[in-house]
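Observations on chain architecture
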Amino acid sequence: MNKIKVVNNRIIPFISDDVSTYDNSIIFKENGNYFIEYIASRDIDISINICDNKCIHLFEYSSNENVSFNINYELGNNSSLILSKFYSNNKCNDYSIINLNKKGANVKYNFSCICDNDNFYKIDIHHLDKDTSSDIFNRVIAKENSSNYFDINSYVDNGIKNCYLNQSTKIVSLGGSANRVNPNMFISEDDVTAIHSSTIGSINEDDLFYLMSKGINYSDSVKLIVKGMILSNINPDMEYREKILNILDTIGGE
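In what follows, the accompanying structure is described.

The rules behind these values
- Residues numbered from 1 in each chain as written.
- Predicted model: local features only at pLDDT ≥ 70, side-chain atom pairs only at ≥ 80, totals over all residues.
- Heavy atoms only, no water.
- Helix = DSSP H or I, 4+ residues; strand = E, 2+ residues; numbered from the N terminus.
- Expected span 1.5 Å × (residues − 1).
- Buried < 20%, exposed > 50% of the residue type's maximum accessible area, 1.4 Å probe, protein only.
- Polar contact = N/O pair within 3.5 Å; in protein donor to acceptor, adjacent residues only side chain to side chain.
- Axes fitted to C-alpha atoms, helices over the stretch in contact; angles between N-to-C directions.
- Parallel < 35°, antiparallel > 145°, perpendicular 65-115°, else oblique.
- Left-handed = near helix turned anticlockwise from the far one by under 90°.
- Contact = heavy atoms within 4.5 Å.
- Nonpolar A, V, L, I, M, F, W, Y, C, P; charged D, E, K, R; others polar.
- Pairing = 2+ DSSP bridges.
- Phe/Tyr/Trp six-rings, centres within 6.5 Å; stacked < 30°, edge-to-face > 60°.

Here we look at helix α2 (residues 218–234)
Note that an α-helix has 3.6 residues per turn; residues three or four places apart therefore point the same way. Over its 17 residues, α2 extends 25 Å from the first C-alpha to the last, a length consistent with the 24 Å expected when each residue adds 1.5 Å. Turning to α2, its buried residues number three or more, namely S221, V222, K223, I225, V226, K227, M229, I230, L231, N233 and I234. A distance of 3.3 Å separates the backbone nitrogen of S219 from a side-chain oxygen at the start of α2, and that oxygen is part of N217. At the exit of α2 stands N235, carrying a positive phi of roughly 50°.

Here you go:
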């Protein structure tokens, strides 16, 4: 397994022919599956670079206290990034910048999180060449008394043709929480396909009724729905699946 650790805000050096690191930058040079885990980090500022014609499956995991992220994703010609992220932090301020720099670059951004306290998530997606595409899927469980703000911005300038943009955010509240989604698409070109959807609500009552009609109690029914929503968006491997399930087992039935 190609695991990269970021400890105390710094990338731990390692030797690999497929990946280079320097000055808190990561360069993926070969196709493959990779993992980044953030450990004991509070102020993370890194750059992730995908070389031309490479397809990268990247999983990011963070379960910390108060943490701030500033992550730049740079994609080259005909490169592909399938990104799955899971956060369960006490407080989080997350700024992700995705630059589709060259023709044919594409990203699928799958973000699942459990939100406590106050959280701010900003995602900027820049389509900087033609034939680029972006899919943004956020799946959020908002715990009681949390405050969660998502600011999502997709950009296409005039002359950047044949681009595809998709934003989809779903926030499920497990009690009284303050949630807001601000989906923006700044498009100056007609030859673009753009889709967005945002929903904020509580656990679906029909789903709860169905599970409870099968003899499953309320708390366990909530946990099953939450697990399905979070895990289906990111599809972690067995190691991280176990870690995430342990976190999800502590919630439900609020």
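Some remarks on the packing of α2 against helix α3 (residues 238–248)
Two quantities define a packed helix pair, namely the angle between the axes and the distance from one axis to the other. Relative orientation of the contacting elements α2 and α3 amounts to 150°, with a least axis distance of 10 Å. Between α2 and α3, the crossing angle belongs to the class labelled roughly antiparallel. The two elements α2 and α3 meet at a crossing, and its hand is right-handed. Residues K223, V226, K227, I230, L231 and I234 of α2 pack against R241, I244, L245 and L248 of α3. Residues belonging to the contact of α2 with α3 are distributed by class as follows: seven nonpolar, no polar and three charged.

Concerning the environment of N70
Mapped onto the elements of the fold, N70 is located in strand β8 (residues 66–75). C-alpha separation for the pair N70 and V156, spaced 86 residues apart in sequence, amounts to 22 Å. The contact partners of N70, leaving out residues within four places of it in the chain, are I44, D45, I46 and Y95.

Some remarks on the sheet that holds strand β11 (residues 106–115)
Strand order in the open sheet formed by nine strands is β2-β1-β5-β7-β9-β11-β13-β15-β17, with mixed pairing between adjacent strands. At either margin of the open sheet sits one strand with a lone partner, and together these are β2 (10–11) and β17 (192–202). One ladder, built from eleven bridges, connects strand β15 (residues 163–173) with β17; its direction is parallel. In the sheet register, V172 faces β17, and the bridge partner there is G201. Its contacts with the sheet place α2 against β7 (55–62), β9 (80–87), β11, β13 (133–142) and β15, and it is angled at close to 155° to β11.

Details of the packing of aromatic side chains
Evaluated as defined, the whole model comprises 15 aromatic pairs. Taking the centre distance of 5.9 Å and the plane angle of 25° together, the rings of Y61 and F86 count as stacked. Of this pair, Y61 sits in strand β7 while F86 sits in strand β9, placing them 25 residues apart in sequence. Taken individually, Y61 and F86 each receive the classification buried, so the pair is uniform in this respect. On the basis of an interplanar angle of 15° and a centroid distance of 5.1 Å, the ring pair of Y155 and F186 is categorised as stacked. Placement of Y155 in strand β14 (residues 147–156) and of F186 in strand β16 (residues 178–187) is noted, with a sequence separation of 31 residues between them. Residue classification places Y155 among the partly exposed positions, given a relative accessible area of 27%. A network of ring pairs unites the aromatic residues Y38, F69, Y87, Y109, F111, Y121 and F150 as a single cluster.

Considering the pairing of strand β5 (residues 32–39)
Within a regular beta strand, the side chains point alternately toward one face of the sheet and then the other, so they alternate between its two faces. The element β5 is largely enclosed, with a buried count of six among its eight residues. Examined bridge by bridge, strand β1 (residues 2–7) and β5 share six bridges and lie parallel to one another. Paired with K3 across the bridge in β5 is F35. When β5 meets β7, the two strands line up parallel, connected through seven bridges. Bridge pairing in β7 places Y38 opposite S62.

Re the side chain of S62
With respect to the helices and strands, the residue S62 is situated in strand β7. Residue classification places S62 among the buried residues on the basis of a relative accessible area of 0%. At a separation of 2.9 Å, a polar atom in the side chain of S62 contacts the side chain of N89. Residues contacting S62, with those up to four places away along its chain left out, are Y38, F69, F86, Y87, S88 and N89.

Considerations on unusual backbone geometry
Of note in the backbone geometry, N8 takes a positive phi value of approximately 50° without being a glycine. Here N8 shows up in the loop between β1 and β2. You will see that A40, though not glycine, has its phi angle at about 50°, which is positive. Assignment of secondary structure puts A40 in the loop between β5 and β6 (43–50). Exposure remark for A40: the relative accessible area of 47% places this residue in the partly exposed category.

Any functional reading would require information beyond the geometric quantities listed.
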